[in-house]
Amino acid sequence: MKKGGYHGRYLTIDLTNKSWQVKDLPEELANGYLGGRGIGGKLLYDLQPGKVDPLSPDNHLIAFTGPLTGTHAPGSSRITFMCKSPLTNTINMSSMGGAFPNAFKRTGFDGVVISGKSKSPVWIHITPEGVQFNPADDLWGRTTSETETAIREKVGEKCRVACIGPAGENQVLFSAVVSETRTAARGGNGTVMGSKNLKAIAVSGDHELTIADKQSFKEIVQKIRESQNENMGVASLQMNGTAGVVSVSNAMGILPTKNFQTGTWEAAEETSGAAIAEKIRIKSMACASCPVGCSLISEIKTGKFAGTKIEGPEYESTVMLGSNLLISDLNMIAAANHLCDEFGLDTISTGNVIGFAMECYERGLLTDKDTGGLALTWGNGDLVLSLIEMIALKQGFGKRLAQGVARLSKEIPGSEGFAMQVKGMEIAAYDPRGVNGQGLSYAISPRGGDHGKGGYMIVEVFMPGSDLYTYVGKAAKAAHMANNGAILDSGSFCNFNFIPDDLVPGLLTAIVGEEYSEARLRNIANRIINLERRFNIREGFSRKDDTLPARLLKEPLPEGMAEGKTVTGLDIMIDEYYEIRGWNKEGNPPEL
Ligand code: SF4
């Protein structure tokens, strides 16, 4: 296949036999599914039947770039990891930024499909010449930063590494894949990697990528940069990082606090983006090819990790390890974030499951006997640090937390209503009772309670004139945003680069050398979302799973701007959403 933006080939690796092959990337796959999440999802759907045990050698772990990756377009260093999720049993897709995606593209391959299971721990090195298999016995048990350092010492500083920590090795169901300080965090891609005894993927190479029309590409990138210079969202991210949203969420009454018992907190400002900038941030940072730079490097000032530098904390981590657990000490939040990154844990699921356990303890549904004598009290930062380690190592009560909220809740009668998960994935850091459309987004997201794949409805908070509490008109907006998200994830755009919608088709056209109209992209997005729905139906999911925890539907927020609100009209929004997508009443899409 000869197109700009693609190398036209990808790798398949069988870890059982330690063999690999180079496959041509079929043109119809690129045409129909674009890249990243789209192509990865299509390969996953075709390569394995339904009901595969996600922790068996038959599950595939796929990492795929998009046509933007490697072009140095703004925010384009992205790669999507995909698998059948061991946490949810749905399709799973997690996008990673940083330097790894561009480095992957320089190997001369667009992606990799990994199956099987190595008999003993292994790490792989992908270069333009192919794949080398290396024993990883000496790396097993080591943290993510130790692993990366050790591999780069062996292979050379220019190589980039994506790896798992002890959590993935121990099959914690919400384990992440980590590269430097960026993660493909959600849904257990790291768990699947661990189930294959695969400790790390290292990539190096200097393969050039073709851009079909360099002049048009340059002109469109210039327009994107000009629009970014005038964009308030970009300015805000540059000033306070994503954690700048903490103050907004608190003001809107949608800041998850005490396991979503309330949506506002008097100590929230102590954890705001401005507080982070003032107290622990030492510099800003950006993924490769990113002019926005929403990331930051912080230094922990107090406690046993004093002096440690971390990236973040980002918004989701700040909230789920902060207000959700009533922890206002930024040093403690940063330390918890650091431990999650080093052990290879998703911070959202980790903070959510700990908050859930704390509420169970508060209600007497869990006792000291269950916890091994640990008093699961709110606001105890040292306890949270201990629990994170216990989760990652599956020690004591940590073993039960390592299953995630849905499975733990099944063991605790009476807890289902405040188990803050959808389809088994822990809900992210926005309470939808104050942004009704986000309730629809969580309910219909293909991988469960994440905040983006069903449409970033949370952005309505920033849109003047939005009626945040109605269900009217939300389905059409969610469908539109879910389509945009599918194109961003598949083309490999970062959401936070605020690339104007009308520049996306032209950018792809310039890179690939074929006409991408808005209509063509809409068709691709529909195809991707329909395929993901079909994947989940094959796994046994149906309309009954497109729902929310009772807390969000029946318990009004007790205070703050959204006081008295619940998610309303969910069934109506779902009916409308299905209809807009051309799905039937049960949520079945047309045949592929
Ligand atoms: S905006 Fe943030 S997450 Fe996105 S590419 Fe830039 S630094 Fe990375």
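Residues numbered from 1 in each chain as written. Predicted model: local features only at pLDDT ≥ 70, side-chain atom pairs only at ≥ 80, totals over all residues. Heavy atoms only, no water.

Enquirer: Explain the overall build of the protein chain here, please?
Expert: Helix and strand content of the protein chain: 23 helices and 17 strands. Here the C-alpha coordinates of the protein chain stretch approximately 60 × 55 × 45 Å along the principal axes. With 592 residues in all, the protein chain has 64% of them scored as buried. Of the roughly 20,500 Å² of accessible surface on the protein chain, 50% is carried by carbon and sulfur atoms. (Helix = DSSP H or I, 4+ residues; strand = E, 2+ residues; numbered from the N terminus. Buried < 20%, exposed > 50% of the residue type's maximum accessible area, 1.4 Å probe, protein only. Areas by Shrake-Rupley, 256 points an atom, 1.4 Å probe, with all protein chains shown as cover.)

Enquirer: Would you explain the packing of helix H18 (residues 436–444) against helix H23 (residues 570–581) in this entry?
Expert: Axis angle and axis distance: for two packed helices, these are the angle between their axes and the distance between the axes, and together they describe the pair. For the pair H18 and H23, interaxial distance at closest approach is 10 Å and the crossing angle is 65°. Of the two elements, H18 crosses H23, and the hand of that crossing is right-handed. Here Asn436, Gly439, Leu440, Ala443 and Ile444 of H18 come into contact with H23, specifically with Leu570, Met573, Ile574 and Tyr577. Among the residues making up the contact of H18 with H23, the classes are represented as 7 nonpolar, 2 polar and no charged. (Axes fitted to C-alpha atoms, helices over the stretch in contact; angles between N-to-C directions. Left-handed = near helix turned anticlockwise from the far one by under 90°. Contact = heavy atoms within 4.5 Å. Nonpolar A, V, L, I, M, F, W, Y, C, P; charged D, E, K, R; others polar.)

Enquirer: Before we go on, may I ask you to explain the sheet that holds strand E5 (residues 91–96) in this structure?
Expert: Strand pairing in a sheet takes place through backbone hydrogen bonds and is either antiparallel or parallel in direction. One open sheet accounts for 6 strands, arranged E2-E1-E6-E3-E4-E5; its pairing is mixed. A single partner strand is all that each edge strand has here, and the edge strands are strand E2 (19–24) and E5. Taking each pair of neighbouring strands and ignoring which way they run, the sheet shows an average axis angle of 20°. With 4 bridges joining them, strand E3 (residues 61–65) and strand E4 (residues 79–84) adopt antiparallel strand pairing. Within the sheet, the bridge partner assigned to Phe64 lies in E4 and is Thr80. (Pairing = 2+ DSSP bridges.)

Enquirer: When you look at the site of the ligand in this model, what are you seeing that I'm missing?
Expert: By nearness alone, every residue bordering the ligand is listed as Arg182, Ala286, Cys287, Cys290, Val292, Gly293, Cys294, Ser295, Cys494, Phe496 and Asn497. Looking at the shell around the ligand residue by residue, the classes come out as 7 nonpolar, 3 polar and 1 charged. (Near = heavy atom within 4 Å.)

Enquirer: Which parts of the structure should I look at to understand the confidence of the model for the protein chain?
Expert: Atom-level detail of predicted coordinates should not be read off regions where pLDDT is low. On average, residues of the protein chain score 96 in pLDDT, and 100% of them are at 70 or above. Two numbers describe this predicted complex: its pTM, 0.98, and its ipTM, 0.98. (pLDDT = per-residue confidence, 0-100.)

Enquirer: Just to check I follow, could you spell out the pattern of salt bridges for this structure?
Expert: The tally for this structure, following the rule as stated, stands at 32 salt bridges. Across the salt bridge formed by Asp489 and Arg37, the nearest N and O atoms sit 2.9 Å from each other. Of this pair, Asp489 sits in helix H19 (residues 474–491) while Arg37 sits in helix H2 (residues 36–47), placing them 452 residues apart in sequence. Glu359 serves as the salt-bridge partner of Arg363, at 2.9 Å between the closest nitrogen and oxygen. (Salt bridge = Lys/Arg side-chain N within 4 Å of Asp/Glu carboxyl O.)

Enquirer: Is there a simple way to explain the sheet that holds strand E15 (residues 309–311) in this structure?
Expert: Pairing within the open sheet is antiparallel, and its 3 strands lie in the order E13-E14-E15. At either end of the open sheet lies a strand with only one pairing partner, and these are strand E13 (281–285) and E15. Across the sheet, the mean angle separating the axes of adjacent strands is 20° when strand polarity is ignored. Here 4 bridges tie E13 to strand E14 (residues 295–299), and the two strands are oriented antiparallel to one another. Paired with Met285 across the strands is Ser295, a residue of E14.

Enquirer: Would you explain helix H21 (residues 518–538) in this entry?
Expert: Note: α-helices contain 3.6 residues per turn, so residues at a spacing of three or four share the same orientation. The first and last C-alpha atoms of H21 sit 30 Å apart over 21 residues, in line with the 30 Å expected at 1.5 Å per residue. Among all positions in H21, only Leu521, Ile524, Ala525, Ile528, Ile529, Asn530, Leu531, Glu532, Arg533, Arg534, Phe535 and Asn536 are buried. Gly540 lies just past H21 and shows a positive phi near 105°. (Expected span 1.5 Å × (residues − 1).)

Enquirer: What exactly am I supposed to notice about the side chain of Ser195 here?
Expert: With respect to the helices and strands, the residue Ser195 is situated in helix H6 (residues 189–195). Ser195 gets classed as buried once you look at its relative accessible area, which sits at 4%. A polar side-chain atom of Ser195 sits 2.6 Å from the main-chain carbonyl oxygen of Val192. Contacts of Ser195, omitting those with residues within four sequence positions, involve Pro54, Leu55, Lys117 and Gln171. (Polar contact = N/O pair within 3.5 Å; in protein donor to acceptor, adjacent residues only side chain to side chain.)

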